[in-house]
Amino acid sequence: MSPIAPRPALARRLRALRETHWPEAGITQAQLADALGVGKPLSISLISSWENADKPVRPPARRLEAYATLFATRRSLDGGRVRVLSLEELTDEERVRRKELLAELLWLRDGTETVADLWTFPEDQDVTIVCAPFPEKFRKSLPYTDPDSADFVSLYTYADPDALIELFGHIRARNPGNKVTFHTADELSTDHYTTHLILLGGVDWNSVTRDVIERVELPVAQVGRQADAEHGGFLVEENGREKLIEPQLDENGHLLEDVAHFYRGVSPFNRKRTVTVCNGMYGRGTLGAVRALTDERFRDRNEAYVRERFGDDELFSVISRVLVVDGNGLTPDWSIDENRLHEWPEAG
């Protein structure tokens with residue numbers, strides 16, 4: 001595919017935002033360069049190139065996200081300086097304005113209203129979702145898992161079927177031009193390993209998750225559940241010390257809070273493809289890791305947080321809490337500090 005040519009309409013719109021959105025403020029290119037740079041000012045010439053309708057330069061999507069955040073609220077000018085507020089500081093009404101403005105800017109940029117999110121892959125590149133096989137000791141009590149039974153249902157042989165159904169439907173919708181398949185870890189062929197891999201579930205049951213975690217650079221290790229009575233956790237490095245992040249259960253063994261791990265990086269099997277791990281200590285943690293970026297109520301703010309926090313990093317890791325209410329795991333909101341239990345790479 002050839003690159004999309006810069007659009008003069010976007011350049012005119014960006015200049016109009018700076019000059020006429022709040023005309024009394026008199027925002028200069030220098031002020032905007034300082035605000036968008038977040039501690040490391042952009043060059044004034046770069047801002048000028050984005051506003052030049054005669055020879056427009058196409059800004060990165062993450063810079064348009066910063067524009068949308070800045071111009072979504074007049075509070076960006078509080079304190080006598082221009083700044084981009086964090087997503088946590090925006091009200092619900094300001095978040096709506098931000099989303100509408102971002103959709104407009106992205107449309108002017110390349111004809112699409114949405115950023116290519118973490119679940120959007122380049123066309124014609126295969127995607128493979130890998131689940132753990134449901135352990136044989138648990139299958140024995142389910143007649144539907146016996147291939148010789150007339151009532152056999154193959155999905156019952158998969159661990160984390162709720163996470164699989166949620167994710168498979170979302171990825172198929174986002175990637176109509178891609179081949180998207182799902183398999184248990186013991187069904188993978190050598191070709192599957194060189195596709196975009198998405199691994200559901202942890203090291204206890206999913207052998208591919210275990211293999212990938214051992215091969216990638218990641219200061220997170222899963223402490224497996226050696227017995228049904230043990231709940232394990234994620235062992236992380238924090239300020240040079242090890243810390244175990246554990247799920248929370250009450251005295252009766254009822255799950256109150258699971259922990260979810262989301263990891264994205266370059267595949268150790270094909271450097272031109274990605275590997276993504278969605279994992280929890282229990283099934284509701286795995287589902288929470290998936291729904292963080294599929295749930296329509298939270299995915300935009302979580303995606304925006306990832307872009308703001310990690311920028312263009314090819315690999316990142318977020319461990320978050322998943323509250324359990326009436327037996328149901330709630331989607332984690334990554335824009336709330338207390339919900340994020342560990343992040344890597346560490347903030348610079």
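What you see is a predicted model, and the numbers here were worked out from it, not measured in a lab.

S.K.: How do you make sense of the sheet that holds strand 4 (residues 220-223) when you look at a structure like this?
M.R.: Within a beta sheet, neighbouring strands are joined by backbone hydrogen bonds and run either parallel or antiparallel to one another. Taken in spatial order, the 3 strands line up as 4-5-6 in an open sheet, and their pairing is antiparallel. In this open sheet, the two edge strands, each paired with only one partner strand, are strand 4 and strand 6 (241-245). Adjacent strand axes in the sheet meet at a mean angle of 25°, parallel and antiparallel pairs treated alike. Where strand 4 and strand 5 (residues 233-238) come together, 4 bridges link them in antiparallel fashion. Its bridge partner being in strand 5, Gln222 is matched across the sheet by Phe234.

S.K.: Explain the pairing of strand 1 (residues 127-131) here, please?
M.R.: Of all 5 residues that make up strand 1, 5 are buried, and the element is covered over most of its length. Residues Val127, Ile129 and Cys131 point to one face of strand 1 and Thr128 and Val130 to the other, with burial holding for every one of them. Where strand 1 meets strand 2 (residues 180-184), 5 bridges bridge the pair, whose relative direction is parallel. Opposite Cys131, over in strand 2, you have Thr184 as the bridge partner. Here 4 bridges tie strand 1 to strand 3 (residues 196-200), and the two strands are oriented parallel to one another. Bridge pairing links Ile129 to Ile198 in strand 3.

S.K.: Is there a simple way to explain empty space enclosed by the protein in this structure?
M.R.: To find leftover empty space, a probe the size of one water molecule is rolled over the atoms. A full pass over the atoms with the stated rule returns 2 cavities of 30 Å³ or more. Looking at the largest cavity, its volume works out to about 40 Å³. Every residue lining the largest cavity is listed: Val203, Thr209, Ile213, Val220, Gln222, Phe234, His261, Val277 and Asn279. Mapped by element, the contributors of at least two residues to the lining of the largest cavity are helix 8 (207-215), strand 4 and strand 9 (270-280). Class assignment for the residues of the lining of the largest cavity results in 5 nonpolar, 4 polar and no charged.

S.K.: Just checking my understanding: could you explain the environment of Leu14 for this structure?
M.R.: Of note, Leu14 is situated in helix 1 (residues 8-20). Residues Leu14 and Trp50, spaced 36 residues apart in sequence, show a C-alpha to C-alpha distance of 7.4 Å. Those residues in contact with Leu14, other than ones at most four positions away along the chain, are Trp50, Glu51, Pro59, Leu64, Tyr67 and Leu105.

S.K.: For this particular structure, what's the right way to read the nonpolar core?
M.R.: Trp119, Ile129, Leu167, Ile171, Ile198, Leu200 and Trp334 are the most contacted members of the largest nonpolar core, which has 29 residues in total. Elements with a contribution of two residues or more to this core: strand 1, helix 7 (161-174), strand 3, strand 8 (255-267), helix 9 (283-291), helix 10 (299-310) and strand 10 (316-325). Looking at which element gives the most residues to this core, the answer is helix 7, with 4 residues. Leu14, Ala35, Ala66 and Leu108 belong to the second largest nonpolar core, which has 26 residues in total.

S.K.: Would you mind going over helix 3 (residues 44-51) with me for this structure?
M.R.: Because an α-helix completes one turn every 3.6 residues, residues spaced three or four positions apart along the sequence face the same direction. Of the residues making up helix 3, those classed as buried are Ile47, Ser49, Trp50 and Glu51. Among the structural elements, helix 1, helix 2 (29-37) and helix 4 (61-70) are those in contact with the buried residues of helix 3.

S.K.: Whenever I open this one, the state of the cysteines confuses me. Can you help?
M.R.: By definition, a disulfide is the covalent link that joins the sulfur atoms of two cysteine residues. Scanning the entire structure with this criterion turns up 0 disulfides. With no disulfide of its own, Cys131 lies 10 Å from the sulfur of Cys278, the closest cysteine sulfur. The class of Cys131 is buried, set by a relative accessible area of 0%. Residue class for Cys278 comes out buried when judged on its relative accessible area of 0%.

S.K.: Looking at this model, I keep getting lost on the packing of aromatic side chains. Mind explaining?
M.R.: The description of an aromatic ring pair uses the distance of the two centres, along with the angle that the planes make with each other. Under the defined criterion, the tally for this structure stands at 11 aromatic pairs. Seen from their ring centres, Phe134 and Trp205 are 6.2 Å apart, and the 80° between their planes marks the pair as edge-to-face. Of this pair, Phe134 sits in the loop between strand 1 and helix 6 (136-139) while Trp205 sits in the loop between strand 3 and helix 8, placing them 71 residues apart in sequence. Since its relative accessible area comes to 40%, Trp205 is described here as partly exposed. An angle of 20° between the planes, with centres 5.9 Å apart, marks the rings of Phe262 and Phe316 as stacked. Residue Phe262 is located in strand 8, and its partner Phe316 is located in strand 10; the two are separated by 54 residues in the primary sequence.

Reading the values: rules and limits
Residues numbered from 1 in each chain as written. Predicted model: local features only at pLDDT ≥ 70, side-chain atom pairs only at ≥ 80, totals over all residues. Heavy atoms only, no water. Pairing = 2+ DSSP bridges. Helix = DSSP H or I, 4+ residues; strand = E, 2+ residues; numbered from the N terminus. Axes fitted to C-alpha atoms, helices over the stretch in contact; angles between N-to-C directions. Buried < 20%, exposed > 50% of the residue type's maximum accessible area, 1.4 Å probe, protein only. 1 Å grid on protein atoms, 1.4 Å probe; cavity = no way out; pocket = protein on both sides within 12 Å on 5 of 7 lines; lining within 4 Å. Points joined across faces, edges and corners; volume = space filled by probe spheres on them. Nonpolar A, V, L, I, M, F, W, Y, C, P; charged D, E, K, R; others polar. Contact = heavy atoms within 4.5 Å. Core = buried A, V, L, I, M, F, W, Y, C linked by side-chain atoms within 4.5 Å. Disulfide = S-S within 2.5 Å. Phe/Tyr/Trp six-rings, centres within 6.5 Å; stacked < 30°, edge-to-face > 60°.

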